[in-house]
Every structure is written in C-alpha cells, then in structure tokens.
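Survey of secondary and tertiary structure
What follows is the residue order along each chain.
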Amino acid sequence: MIQGFYTGISGIQTHQYGIDVVADNLSNISTNGFRGYVAEFSSLFENYETTALASSVDSTVGVGSSIHATTMDESTGTLALTQRSTDLAILGDGWFGIQGEGEPIYTRDGSFVFDVNRDLVTSDGYYVLGTMGNNITDGVLTETQADIPLGDVNAQQKLRLPQELTYPITPTTEVDFFGNIGVEDSIRVISAEAIDAQGNRNSIRLELTKADPQVLPGSQWDVKATAQSREQDIVFDAETNETTYLPAEVYDTQFGSVSFDATGALLSTTLGSINNNGATVSLNLGSGYSGIISSDGSFTASSSSNGKEGGDLLGYDINQNGQIIATFSNGEQSSIGSVAVFHFQNDQGLDRLSGTRFTESSNSGKPIFYKDANGQNIIGTTLANFRIEGSNVEMAAGLTELIVLQRSYDANAKSITTADEMLQKALNMSA
C-alpha cells in the first residue's frame, strides 16, 4: 500500500512535467523557427513476479516512473510566404548563426532585416553571421564572382552590405567581325559597339571597298575603320523652331586592306587597332573561314565585342546556396558574400536559451561546416528567400497528446486515493 503512494506521486510528477512540455509546444505554435520537444518516460525499479508456479506468464511490478529525457523534434516546420527577400528558411539540416555581445547563438528563425548601417540583423538587433567577399573597395566592385566560399567556422562575421555600390566600367579592348561580304563590287559596311573609358557606347564602323586593280586568283578589299560616337547631338533652335542633328563625333580613323583566296577564305589583313576615345581597340577580322569571308552569296554581317558599361546597384538577393547577389543596372550580377549555415554532430545536445535560440554545449560538439569535393566550406543545405520557417508543432497532435497525459495524471492521482482508502481499511481492521 505504501508503494502505491510512491507510484502515484512519481506518476503525477512525471506526467505534470509532460503536460508542461506539451503546453509549451502548443503556446509556441505560431513562433517562427520553434522546435517542439517530446518528454520520454521510464519506469523505476521494475521487478518481475511469477503469477503461478505452473504459469509461463510473468507480470511486472514497479514503483513509479521518471523523466528519462526531453528530446527535440528535428522535423522542418511549415514554410510561410513573406514579402521580404531577406527572410530566409533552411530547407533541411542546419542553423543560422547570430551574435550580439557574447558568443554565437544558433536559430532556425530566419526573419532578418537591414539596420541603419545596412547590417543584416534579427528583429531584436543580433547580427547574422556569414562571410563577406573581398571584392568591394570604396563602394566599387573590384571583381565579379559567382560565389563567395565560406571562411573558417570560427571566423564568421556580421554581414554589412553597402548602401551604394557601383559596377566599374570595362572599356572594350577587342572587336570581332564576322560575315560574308560577297564578290560584287559594292561598298560593304559592318558596325560594332564599343565601350570607351568613360562608359559611353560608341560605334566601330568598317567600310570595305574592292581594290582596283584586282590581283587574281582571289580578291582584295580596301578597309576604312572609324571609331565614332554612336548617338548624334540634337540642337533645337527656339527662334526658327528647327531641330538640327549634328554629325557623330569621330575619334579615330584607320585604313588597311584584306585579301581573300579563290575560295573566299581570308588570307591576310593589315588592319590592326583603333583609338576609341582614349581606349585602344583591337580589330579582329578572323582568319580563313572563321571571320570575314568573300564568296558567292548575299551580304551578311555581325560582330561581337568585350567590355561592359558601368552600372549602379539595384538591390540584393540571396540564392538557395546562401550567396548574397548584387544586381546592377547594366544587367550584371556578382556575389559579395554568403550567409553561414552551421551544423552540429548532435543537435539534441544544444543548450536551449529560448524556444528558437540555442548555444553549443559539450554534448552538441563544436559547430562545423560541410565541405564540397574541392574541400571548400559550403552551407550543406538549401535556403529559400521570401520564406519563413514556422513552428514544427502540429495542433492536432499536441492536443491529442495533452489529453493522454491528463488522463494518465488523473489515473495516478486516483491510485493515491485508492492506496489511502486501503490503508484506512487496514488500520480499521487492526483496531
């Protein structure tokens, strides 16, 4: 009978703890990044007793239960659509790293914003950790990079993104010409676009005229190359109400010749380079059949050039690999940093600070980064922007578990009442 008291009391205590765990889960069902917990029970001092001498059926008698462990539910919560590109959700294993004044904290809540210094932070001011690239100097992008590898796991820093960022001008250094100029004695014109050192889009114009006399076999053409401004200046006279179009400004003119064999393949050219408003541009007409040819057929022409005009920052985006991508007005993009995603050998061993924030412990081990085949650090999962991971607690499952625990609590309370009644009867019998 005394054992009944101990059994009931331990059952009440453990199931009350279980009710508290489930209640905490349900109260955080709308908390972003929350991970629920499950209380696990074990029996105390359980003994086997044989019910009869000839029976093979054994029964067990214990003296109550205790909390064995409280384990984290590591399933991914539901994803909610947001209107901010800085809101991130981890689609798999891993933790975001955030930091205030002390040691790093780890969370699944990816609701991030920019503060006044353009630092990527949480809503309460903790800095989001990651790796910044070394491709920005004084507000100018110095190198276009497809991705920024994560640095050492212990060297992650706050992510400060420039408010203003400029894509530098890359002057054109080479123009390639292609096409068939035919065999007829007609003037052929091929144009190409070239960027000068000031970022202006200018025109490189080739004018080809058949040489006189011709030396057979094959054909020879004279070439006039002109570098000039692409757009004409417009002047409006208010008195006469007339608009005058000024001719394009010519920066340089070069002359040369090209020779073709009897099949139309390019044999040689004396045309070298041209000055494009201060930038030297190499003129490549190809060789053989790879560039300009002269054979029977209609006139066709095309060109390609390197170089890129400058651009201003349009905004930032974070892709599924955690790369922070800057987009510019000239259509170019470049990664300037990467958001870190940390991993642990034992997520269950993390110390819980709150419903969504954790710190490392001796049981969890140190944070680590995954590596790719080349040995570079990677996030090891997939991110989604414009998404927030919600709680992974299901209302229906939580309420069902709460009912079960309450019934178990009531049963243990009833066992105490029963043991008390039995003890009273025993005392009355002895009297």
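That block above? That's the structure.
What comes next is a walk through the structure. (Residues numbered from 1 in each chain as written. Predicted model: local features only at pLDDT ≥ 70, side-chain atom pairs only at ≥ 80, totals over all residues. Heavy atoms only, no water.)

1. Topic: the overall build of the protein chain
How we decide: A run of DSSP states H or I qualifies as a helix once it reaches four residues; a run of E qualifies as a strand once it reaches two. Both are numbered from the N-terminal end. The contact rule is simple, with two residues in contact once any of their heavy atoms fall within 4.5 Å. Using a 1.4 Å probe, the Shrake-Rupley method yields the accessible areas, and only the shown protein chains count as cover for residues.
Helix and strand counts for the protein chain come out as two helices and 37 strands. Restricting to contacts in the protein chain with at least 6 residues of sequence separation, those with at least 24 account for 65%. As displayed, the protein chain offers around 23,000 Å² of accessible surface, 49% of which is attributable to carbon and sulfur atoms.

2. Regarding the nonpolar core
What counts, and what does not: Take the buried Ala, Val, Leu, Ile, Met, Phe, Trp, Tyr and Cys residues and link them wherever side-chain atoms come within 4.5 Å; each set so joined is a nonpolar core. Whether a residue is buried, partly exposed or exposed follows from its accessible area with a 1.4 Å probe, protein chains only, as a fraction of its type maximum: under 20%, in between, or over 50%, in that order.
By size, the foremost hydrophobic cluster in this structure holds 40 residues, and its most contacted members are Tyr 316, Ile 324, Ile 336 and Val 339. Formed by 22 residues, the second largest nonpolar core is a distinct cluster that contains Ile 190, Val 223, Ala 225 and Phe 260.

3. Things to note about the environment of Ser 335
To keep things clear, this is the line we draw: For this analysis, a polar contact is any N or O atom pair within 3.5 Å, provided that within protein one partner can donate a hydrogen and the other can accept it, and provided that sequence-adjacent residues contribute only side-chain to side-chain pairs.
Secondary-structure assignment places Ser 335 in strand 30 (residues 333-339). Spatially, the C-alpha atom of Ser 335 lies 9.4 Å from that of Asp 317, the residues being 18 residues apart in sequence. Dropping the residues within four chain positions of it, Ser 335 is found in contact with Asn 135, Gln 145, Ala 146, Asp 147, Ile 148, Gln 323, Ile 324 and Ile 325. A polar contact of 2.7 Å, which involves the side chain of Ser 335, links it to the side chain of Gln 323.

4. Quick notes on the packing of aromatic side chains
The geometry of an aromatic ring pair is captured by two quantities: the separation of the ring centres and the angle between the planes. Convention followed: Stacked, edge-to-face and tilted labels apply to pairs of Phe, Tyr and Trp rings (six-membered ring for Trp) whose centres lie within 6.5 Å, assigned for plane angles under 30 degrees, over 60, and everything in between, in that order.
Scanning all chains against the criterion turns up six aromatic pairs. A ring pair is formed by Tyr 106 and Phe 342, whose centres lie 5.3 Å apart and whose planes are at 70°; its orientation type is edge-to-face. With a gap of 236 residues between them, Tyr 106 in strand 8 (residues 105-107) and Phe 342 in strand 31 (residues 341-342) connect regions that are remote in the sequence. Judged by relative accessible area, Tyr 106 falls into the buried class, the value being 2%. We classify Phe 342 as buried; its relative accessible area is 2%. Summarising the aromatic geometry, the rings of Tyr 106 and Phe 344 are spaced 4.9 Å apart at their centres and angled 80° between planes, so their arrangement reads as edge-to-face. With a gap of 238 residues between them, Tyr 106 in strand 8 and Phe 344 in the loop between strand 31 and strand 32 (351-352) connect regions that are remote in the sequence. You'll find Tyr 106 and Phe 344 in the same group, each marked buried. Chaining the aromatic ring pairs together yields one cluster made of Tyr 106, Phe 342, Phe 344 and Phe 369.

5. Regarding the pattern of salt bridges
Threshold: The term salt bridge refers to a pairing of a side-chain nitrogen on Lys or Arg with a carboxyl oxygen on Asp or Glu at a separation within 4 Å.
Under the defined criterion, the tally for this structure stands at 10 salt bridges. The closest approach of N and O atoms between Arg 357 and Asp 124, which form a salt bridge, is 3.0 Å. Of this pair, Arg 357 sits in strand 33 (residues 357-359) while Asp 124 sits in the loop between strand 10 (120-122) and strand 11 (127-132), placing them 233 residues apart in sequence. Arg 357 sits in the buried class, given a relative accessible area of 17%.

6. Here we look at the pairing of strand 17 (residues 188-195)
Defined as follows: Pairing between strands requires that DSSP locate at least two bridges from one strand to the other.
By the bridge criterion, eight bridges tie strand 17 to strand 18 (residues 201-210) in an arrangement that is antiparallel. Looking at the pairing, Arg 188 lines up with Leu 208 of strand 18. From the end of strand 17 to the start of strand 18, which pair antiparallel, there are five residues, and Gly 199 there has a positive phi angle of about 85°.

7. What about the sheet that holds strand 18?
Which entries qualify depends on this criterion: A fitted line through C-alpha atoms represents every axis, and for helices the fit uses only the stretch in contact; the resulting angles, taken between N-to-C directions, go from 0 to 180 degrees.
One open sheet holds the five strands; their spatial order is 17-18-19-22-23, and the pairing between them is antiparallel. Two strands in the sheet have a free side with no partner beyond their single neighbour: strand 17 and strand 23 (266-269). Sheet twist, expressed as the mean angle between neighbouring strand axes with direction ignored, is 25°.

8. Quick word on the pairing of strand 7 (residues 95-99)
Within strand 7, four of the five residues are buried, which leaves it mostly tucked inside the rest of the structure. Where strand 7 meets strand 31, two bridges bridge the pair, whose relative direction is antiparallel. Paired with Trp 95 across the strands is Phe 342, a residue of strand 31. Strand direction decides the pairing type here: strand 7 and strand 8, joined by three bridges, are antiparallel. Across the sheet, Phe 96 pairs through a bridge with Thr 107, a residue of strand 8. Connecting the antiparallel pair strand 7 and strand 8 is a turn made up of five residues. Where strand 7 meets strand 11, two bridges bridge the pair, whose relative direction is antiparallel. Following the sheet pairing, Gln 99 is matched in strand 11 by Tyr 127.

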